[in-house]
Amino acid sequence: MPQIRLEGVSKNYRQEPDKRIIAAVQDVNLTIEQGEFVFITGSSGAGKSTLLQLLSCETQPSRGSVYLDDINVSSLARWLWERKRQSFGYVPQVSTLIRKKTIAENLFPVAALGPGRSRSAEERMIKALRLVGMGDVLYRYPVELSQGECRRVELARAIVNNPPILALDELTANLDEDTAWDIFLFLTEVNHHGTTVIMATHAKNFVNLMRRRVITLVDGRILGDVQKGRYGDVV
Ligand code: ADP
Ligand code: MG
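Computed from a predicted structure; not experimentally measured. (Residues numbered from 1 in each chain as written. Chains lettered and ligands numbered in written order. Predicted model: local features only at pLDDT ≥ 70, side-chain atom pairs only at ≥ 80, totals over all residues. Heavy atoms only, no water.)

## Some words on the packing of aromatic side chains
Stage number 1. A complete count under the given rule lists 4 aromatic pairs for this structure.
Stage number 2. Both rings, one in tryptophan 181 and one in phenylalanine 206, keep their centres 5.3 Å apart while their planes meet at 20°; by these two values the pair is stacked. Taken together, the residues tryptophan 181 in helix H6 (residues 177-192) and phenylalanine 206 in helix H7 (residues 204-210) connect sequence positions 25 residues apart.
Stage number 3. Ring centres 4.6 Å apart and planes at 20° place the aromatic pair phenylalanine 184 and phenylalanine 206 in the stacked group. With phenylalanine 184 in helix H6 and phenylalanine 206 in helix H7, the pair connects residues that are 22 residues apart, well separated along the chain.
Stage number 4. Overall, phenylalanine 184 belongs to the buried group, its relative accessible area being 0%.
Stage number 5. The rings of Phe37, Phe39, Trp181, Phe184 and Phe206 are connected pair by pair, giving a single aromatic cluster. (Phe/Tyr/Trp six-rings, centres within 6.5 Å; stacked < 30°, edge-to-face > 60°. Helix = DSSP H or I, 4+ residues; strand = E, 2+ residues; numbered from the N terminus. Buried < 20%, exposed > 50% of the residue type's maximum accessible area, 1.4 Å probe, protein only.)

Printed below as a string of structure tokens:
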């Protein structure tokens, strides 16, 4: 089961239109063990999404190295891509559900990458949707669902092949408290069964209630990394 390690990792972006270089993440050293529950917090623009993308191998660092179980993942070897794909369930900050496709059509391309035939892919989709309380939306369209329901569908897509690591970006932003709490309880359960959960979030109340590892970013740098932390803890 994978451990993720970042060594001296920075990520720069060239911003349009002035071509200014922005250091979204700067010189980060970080290890996340299998089975941890980690919150990534910080104000808007602090680099949470970028750090989450680096941790889940969604993007390559400008400097430094990312290791998945001591294997440097900057290599482009095909077997490594396969390994990455099997390791992570990722939900980006902005919804990527395709509006003109049903929920089943949205989930199927991911489910089909899992083991077995398309029949078992369908079974996995139904099971994942049921787990997040969305068992009956298979043939509906994203526009017919609320924002919270869409986020739950995206979570279902992330867990459909039962990956060992979940990387979730602002999954509960803009949701009512009850829905957000349901999602946190579900993630606690998933984590209890051994899945690593890494979550970029602003949800101060929940972070303070959960008392898990809290990483605080300021201007792309880690200013706090506290076990059983609270929102804003800086050590
Ligand atoms: P957060 O998730 O904490 O709000 P981000 O990681 O999204 O922070 O962004 C950190 C910084 O990097 C911001 O200044 C943002 O504008 C910049 N940035 C992020 N992604 C890109 C991108 N694809 N292109 C250019 N700049 C980006
Ligand atoms: Mg973000």
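## Quick notes on the coordination of the magnesium ion (ligand 2)
Stage number 1. Coordination of the magnesium ion (ligand 2) by the protein comes from Ser49 (OG) and Gln93 (OE1), over a distance range of 2.0 to 2.1 Å. Residue serine 49 is located in helix H1 (residues 48-55), and its partner glutamine 93 is located in the loop between strand E6 (88-91) and helix H3 (103-111); the two are separated by 44 residues in the primary sequence. (Donors = N, O, S within 2.8 Å, 3.2 Å for Na, K, Ca; no water.)

## Re the side chain of serine 87
Stage number 1. Take serine 87: it is sitting in helix H2 (residues 78-87).
Stage number 2. When sequence neighbours within four positions are dropped, the list of residues in contact with serine 87 reads Pro2, Leu68, Pro163, Pro164 and Ile165. (Contact = heavy atoms within 4.5 Å.)

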